[in-house]
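# Coordinate inspection notes
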Number of protein chains: 2
Amino acid sequence: MKIMRPLIHPSIEDITVEGILHALSDPVRVAIYAQLAGAPCTNICSNFQQISDRSIPKSTLSQHFRALREAGLVRSERRGVEMHNTSRCMEIEQRFPGLLPAILKAHGIQSADQARATRRKQTTARKRAG
Amino acid sequence: MKIMRPLIHPSIEDITVEGILHALSDPVRVAIYAQLAGAPCTNICSNFQQISDRSIPKSTLSQHFRALREAGLVRSERRGVEMHNTSRCMEIEQRFPGLLPAILKAHGIQSADQARATRRKQTTARKRAG
DNA sequence: ACTATAGTTCGCAACTTATGAACTATAGAA
DNA sequence: TTCTATAGTTCATAAGTTGCGAACTATAGT
C-alpha cells in the first residue's frame, strides 16, 4: 500500500511572479482564486463543482488546486475528509504589493464585459425570434 | 514561392486577462516586455539578443514576440529589414487599469531580490576562497 | 469491518513549446 | 538588375505540459 505525498507549499521567498501569472493564466484557476480571495479566505474543493458555468472533473480540479498551491497562491489543509483552501493573499501582498488586487480587478472587469456581451446576444436573439 | 502571413494584432476588446498573464508568465517574455515598456515604447528584436543573461535562438525569440503580439501586449511593424515593437500599454491601461504597472512592479521587486541573492552568494564564495 | 464521501495519483492522448534548418523580405553594393 | 548581407519567419519534430477517466488513498460514520 502506497502512501500519499504530502502537500507542498512554497515559502514566501520562493514564490515567483512568473509562477503566479502562470497559475492565474487559466480561466478555471482565476475563477477559483477569485472566489477564494473574495469570500474572504475560506472555501472547499469538492468534486464536479460548478466553476464559471462548467462542470469540471474532480481529477482536473484537484490538479488545478495543486497548481494554485505550488505557485504559492493557496494554502491547503485537510479537515477530516475535506480540503480547506485559503488564499495566501496577505503574504503575497507583502512581497508583491498590489499584484493580486490588480489581477482580480482586471478579472472582474473582464467578467462584467463578458456578462454584458452575453446579455446583449440573448436580447438580440429574442428580438429576432419574437 | 510562398507569401508570409500578415502580423496579427487583436483589437483591444479581444485582449483577455488570461492571455496577458499567460504571455507574461514566461521569464524571457516578461524581460522583453519590461524592457519595451520601460524604455518607453520602442525596441528592436534582433537575433540572439541578450535577454536576462541568456542567449536565445532567433526562432525562439521570434515566437516569443509573436506570443506578446497575439496576446495584445505589443504592436509590431516592419521598418525596412528590422522589426519595430512598441508596447500597447496605453490601450491596455484603459481596459485594465493598473494591471500592467502592478506586474512590472512585481517583476522589478523580484529582479532586485534575485540580484541581491546573487551578490550575497558571490561575496560568500569570495570570503571562502580568500 | 463496511460504506460513503472527498480528494489524489496514474497513464495516456491531445496540446504546447523550443529550436535548428530552410525559407522570405528588405536594403545596399556592384 | 543581380548579388550579398541582415533580420526575421516558418516548418518539422522532439521534449514538455495538461485534461481526464479509472483506480486508488484517506477519513468519518455506521
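I will try to describe carefully the structure that is included in this document. Position numbers for residues start from 1 in each chain and track the written sequence from start to end. Here every chain gets a letter starting at A, and every ligand a number starting at 1, in the order they are written. Residues qualify for local features only when their pLDDT is at least 70, as the model is predicted, and side-chain atom pairs are given and counted only at 80 or more; totals for whole chains, interfaces and linings, by contrast, use all residues. As a rule here, side-chain values cover all heavy atoms of the structure and leave hydrogens and water aside.

A run of DSSP states H or I qualifies as a helix once it reaches four residues; a run of E qualifies as a strand once it reaches two. Both are numbered from the N-terminal end. Looking only at helices and strands, chain A features five helices and five strands. When the elements of chain A are put in sequence order from the N terminus, they spell out α-α-β-β-β-α-β-β-α-α. Each residue gets one of three labels from its accessible area relative to the maximum for its type: buried under 20%, exposed over 50%, partly exposed in between, using a 1.4 Å probe on protein chains only. For chain A, with 130 residues in total, the buried portion stands at 36%. Considering only contacts in chain A between residues 6 or more positions apart, those separated by 24 or more positions represent 66%. Areas reported here follow the Shrake-Rupley algorithm with a probe of radius 1.4 Å; residue values treat only the protein chains shown as occluding. For chain A, the exposed surface amounts to about 7900 Å²; the carbon and sulfur share of it is 56%. Any two residues whose heavy atoms approach within 4.5 Å at even a single point are treated as in contact.

Let us now look at the pattern of salt bridges. Think of it this way: side chains of opposite charge can pair up when their charged atoms draw near. The term salt bridge refers to a pairing of a side-chain nitrogen on Lys or Arg with a carboxyl oxygen on Asp or Glu at a separation within 4 Å. Using the criterion set out here, one finds twelve salt bridges over all chains in the structure. Notably, a salt bridge pairs B:Glu91 with B:Arg88, separated by 2.8 Å at the nearest N-O pair. The exposure class assigned to B:Arg88 is buried, which follows from its relative accessible area of 3%. If you follow the salt bridges from partner to partner, you end up with A:Arg5, A:Arg66 and A:Glu70 in one network.

Turning next to the relation of the copies chain A and chain B. Both copies of the chain are tied together by a single rotation about an axis and a shift running along it. Overlay of chain A on chain B (RMSD 0.1 Å): rotation 180 degrees, translation along the axis 0.0 Å. Such values leave the two copies arranged in the relation of a two-fold axis. For chain A, the smallest separation between a C-alpha atom and the rotation axis is recorded for A:Leu21, amounting to 2.5 Å. Interface overlap between copies: 100% of the residues of chain A at the interface are likewise at the interface in chain B, consistent with a symmetric, same-surface contact. To superpose the copies, least squares is applied to the C-alpha atoms of every residue with a pLDDT of at least 70 in both.

What follows covers the pairing of strand 5 (residues 82-87) of chain A. Residues and elements named next belong to chain A. Pairing between two strands is assigned when DSSP locates at least 2 bridges connecting them. Both strand 4 (residues 74-79) and strand 5 contribute to a ladder of six bridges, which runs antiparallel. Within strand 5, the position partnered with arginine 79 by the bridge is glutamate 82. Linkage of strand 4 to strand 5, two consecutive antiparallel strands, is achieved through a turn of two residues, within which glycine 80 is found at a positive phi near 65 degrees.

A:Ile20, A:Leu24, A:Leu73, B:Ile20, B:Leu24 and B:Leu73 are the most contacted members of the largest nonpolar core, which has 50 residues in total. Secondary structure elements with two or more residues in this core: helix 1 (17-23), helix 2 (27-38), helix 3 (58-70) and helix 5 (99-129) of chain A together with helix 1 (17-23), helix 2 (27-38), helix 3 (58-70) and helix 5 (99-129) of chain B. Sequence-distant contacts of B:Leu73, that is, excluding residues within four places in its chain, are made with B:Ile20, B:Ala23, B:Leu24, B:Tyr33, B:Leu68, B:Thr86, B:Ser87, B:Arg88, B:Ile92 and B:Leu100. We call a set of buried Ala, Val, Leu, Ile, Met, Phe, Trp, Tyr and Cys residues a nonpolar core when their side-chain atoms join them within 4.5 Å.

This paragraph deals with the packing of helix 2 of chain B against helix 3 of chain B. Residues and elements named next belong to chain B. Orientation is described by lines fitted to C-alpha atoms, with helices fitted over the stretch in contact, and by angles between N-to-C directions that extend from 0 to 180 degrees. Running from amino to carboxyl end, helix 2 crosses helix 3 at an angle of 70 degrees, the nearest separation of the two axes being 10 Å. The pairing of helix 2 with helix 3 is recorded here as roughly perpendicular in orientation. Crossing handedness for the pair helix 2 and helix 3: right-handed. Together, Val28, Arg29, Ile32 and Tyr33 of helix 2 and Leu61, His64, Phe65, Ala67 and Leu68 of helix 3 make up the contact between the two elements. Looking at the contact of helix 2 with helix 3 residue by residue, the classes come out as seven nonpolar, one polar and one charged. For this classification, under 35 degrees means roughly parallel, over 145 means roughly antiparallel, 65 to 115 means roughly perpendicular, and everything else is oblique. Helix crossings get a hand from a simple test, with the near helix turned counterclockwise from the far one by less than a right angle marking a left-handed crossing and a clockwise turn marking a right-handed one. Basically, the charged four are Asp, Glu, Lys and Arg, the nonpolar ten are Ala, Val, Leu, Ile, Met, Phe, Trp, Tyr, Cys and Pro, and anything else, Gly included, counts as polar.

Here the focus is the interface of chain A and chain B. Contacts between chain A and chain B engage 24 residues on the former and 24 residues on the latter. The three residues of chain A that bury the most area against chain B are A:Glu18, A:Leu21 and A:Gln110, which together make up 29% of that side's buried surface. For the pair chain A and chain B, the number of links is two salt bridges. One salt bridge connects A:Arg95 with B:Asp113, and the closest N-O pair in it is separated by 2.5 Å. By the criterion applied in these results, polar contacts are pairs of N or O atoms within 3.5 Å in which, for protein atoms, one can donate a hydrogen and the other can accept it, and in which residues neighboring in sequence qualify only through two side-chain atoms. If you look at where chain A meets chain B, you find six residue pairs in polar contact (both at pLDDT 80 or more). Elements represented by at least two residues in the side of chain A that touches chain B include exactly helix 1, helix 2 and helix 5 of chain A. With nine residues, the top contributor of residues to the side of chain A that touches chain B is helix 5 of chain A. A simple way to read buried area is as the amount of 1.4 Å-probe accessible surface that goes missing from two parts once joined, with both sides added.

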